[in-house]
Every structure is written in structure tokens, then in C-alpha cells.
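Structural overview
So the chains spell out like this:
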Amino acid sequence: MDSKRDKDQDADFEKVTAALLKSRTGEFDLESILFLKLRGLGIHDLGCTGECMNLERLDLSGNNITNLAPLASLRLLSVLNVSSNRISNLEPLRSCESLQNLNLAGNIISSIENIHCLQSLRKLENIRFKDNTYNYTNPVCRNPSYRNIILEMFPNIKVLDGERVVGRGSDLYQLCKDIDETIKAGLYKNGQIVEHPDCKPWVEDNYWEIKRSNNAIIEEAYKQFNDVLHECRLLNNRATHIISQTERSVSLKKQPKQYAI
């Protein structure tokens, strides 16, 4: 009896229904749903998901979805995770004009042509076709020029496959990646890195030094940072002095009392 009920519940999850959405969110009106998490429910059919017109964040990872057509009406959607599904056609996402973060890792997107429809998404900043953490990928990632092509197609992209490509931290990330690739290339011999006289440093001299800027805002922030650092040093000196006095006081109390005879 219980097994039959469980099967019926699983069958209900194969298609997204209004009852399922309301039970998962606690909302009575589908248009009131802003965030929706339907991860790993065995969903095949997105059903009435498109009726959540004000939806901003949607997680559909770990299902059996093949058709994204119901998502075409979600104009306010900014974050979408459809990793680990069976998606090959991305055309319905063309209408999701507010999309900023898109996770497509672990699907069956086979060619660059399948991705062209996403070029109209001007706000897209973070896109993922593979995820090494979970060993998710797409057939298109096997293309040797995949990374360069994607970056050319989406000039506003800041993060690709979890790697920051522009902005703060991108240079450091690339430096760390170069180091990892050098190590993986087998340059270790008997536990030591083989010396190469023609090797050049990755960065120029003084690369890591803090450079002063003419920008007034940065100058003010730099000044405030130095002021805070100075106060921290004063507090540290004061704390050291108090600790020293306390230790001296405790030490005197522990000394045995001497009585005159």
C-alpha cells in the first residue's frame, strides 16, 4: 500500500504542477513565487513553471528535463541552474532577457551552434558548461577551441565554467592555474623542480606592490585603511601591556608567603 502511494507521488513529480509548486513554496499564487528549488525530483515535464511570471531564481538541477519551452515566459529570471539534465536545445532561453547566471553543466549540448541563441542575453555574466567538481560536462566542451569561442561569443562574460576571466582576481587565478599546469606537466624530478635557465618570471618586478592611485575615492580608502591599521597597532600595544601586568600580578600571588620568626 505504502509502495503504491510512493509510486504515485513519484509520478506526480514527473511533471511540474500548480499543486507541486504551491507545496514546495508555501505560496497560494504562482505569480508570487520568486525563488524555486526543484532539484533531483525526477522531473521530465516543466508543466506550468512558466506561469511563475515573477520568478527570479530557479534550480532544476538533477532531473530528466529535455524541453525548456515553458521557461520562455520568465522575463525576470536572473539565475537558472539546469545542470545534470538531458538538454540539447537552448532556444527557449533566448526570451529570458534578465538572465545573469546560467548553469548548463552535465547536459548533451553538442555544438557551438546550439549556443548561438544565448548571444541575445546582454546581462549574462556567469555561464557554466562544465563542472569539474561533479564531473559534469557537455559534448561541446571537447572542442579544442571551445573556451576561446565562448569568450568571443560573450564579450561581457565575467565567469566561465567557474573560472573568473575578467575583473578582480582574474590575473591571480590565471597565475595559480599556470602554476598548476606547470606542475602537472611533469617538471618534478626526484621531488625537485627541474631548473631551466631560459625560464622567465610570470609577473614583472614590483607586481605585488600596492600602487597608489590618483583616484580620490581610492586615496581616501587607502588613508582610512592606514588609520585603522594604526589604531589596531595601538590596541595591540595596550593589550600587550595589560597582559604583562596581569601575568606579573598572578605571579606575585603564587609566591609563598614568608613569616618572620
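This one's a predicted model, so the numbers in the text were calculated from it and none came from an experiment.

Take the overall build of the protein chain next. The secondary structure content of the protein chain amounts to five helices and nine strands. In the protein chain, the succession of α and β elements from N to C terminus is α-α-β-β-β-β-β-α-β-β-α-β-β-α. Residue burial in the protein chain is summarised as follows: out of 261 residues, 27% are buried. Put simply, of all contacts in the protein chain between residues at least 6 apart along the chain, 37% involve residues at least 24 apart. Only carbon and sulfur atoms are counted for the fraction: they give 50% of the accessible area of the protein chain, which is about 18,300 Å².

Another point: the sheet that holds strand β1 (residues 35-37). One key point about sheets: their strands pair by backbone hydrogen bonds, in either a parallel or an antiparallel sense. With respect to topology, seven strands assemble into an open sheet ordered β1-β2-β3-β4-β5-β6-β7, the strand pairing being mixed. Every other strand in the sheet has two partners, leaving β1 and β7 (163-164) as the edge strands with one partner each. Both strand β3 (residues 79-81) and strand β4 (residues 101-103) contribute to a ladder of three bridges, which runs parallel. Residue Leu80 lies in a different strand from β4, and its bridge partner there is Leu102.

Per-residue confidence for the protein chain gives a mean pLDDT of 83, with 74% of residues at or over 70. In the predicted structure, residues 1-12 sits below a pLDDT of 50 and forms zero contacts with residues beyond four places in sequence or in another chain.

This paragraph deals with the side chain of Ser61. Positionally, Ser61 belongs in the loop between β2 (57-59) and β3. Side chain to side chain, Ser61 and Asp59 meet in a polar contact 2.8 Å long. Residues within four places of Ser61 in sequence aside, it is in contact with Leu38, Arg39, Gly40, Asn81, Val82, Ser83 and Asn85.

Every buried residue of helix α3 (residues 146-153) is accounted for by Tyr146, Ile150 and Met153. The buried side chains of α3 occupy one side of the element, clustering within an arc of 65° when seen end-on. Within α3, the exposed residues directed more than 90 degrees away from the buried face are Asn148 and Glu152. Tucked into the core, α3 has its buried residues touching β6 (159-160).

Rules used in this analysis
- Residues numbered from 1 in each chain as written.
- Predicted model: local features only at pLDDT ≥ 70, side-chain atom pairs only at ≥ 80, totals over all residues.
- Heavy atoms only, no water.
- Helix = DSSP H or I, 4+ residues; strand = E, 2+ residues; numbered from the N terminus.
- Buried < 20%, exposed > 50% of the residue type's maximum accessible area, 1.4 Å probe, protein only.
- Contact = heavy atoms within 4.5 Å.
- Areas by Shrake-Rupley, 256 points an atom, 1.4 Å probe, with all protein chains shown as cover.
- Pairing = 2+ DSSP bridges.
- pLDDT = per-residue confidence, 0-100.
- Polar contact = N/O pair within 3.5 Å; in protein donor to acceptor, adjacent residues only side chain to side chain.
- Arc of directions from axis to C-beta.

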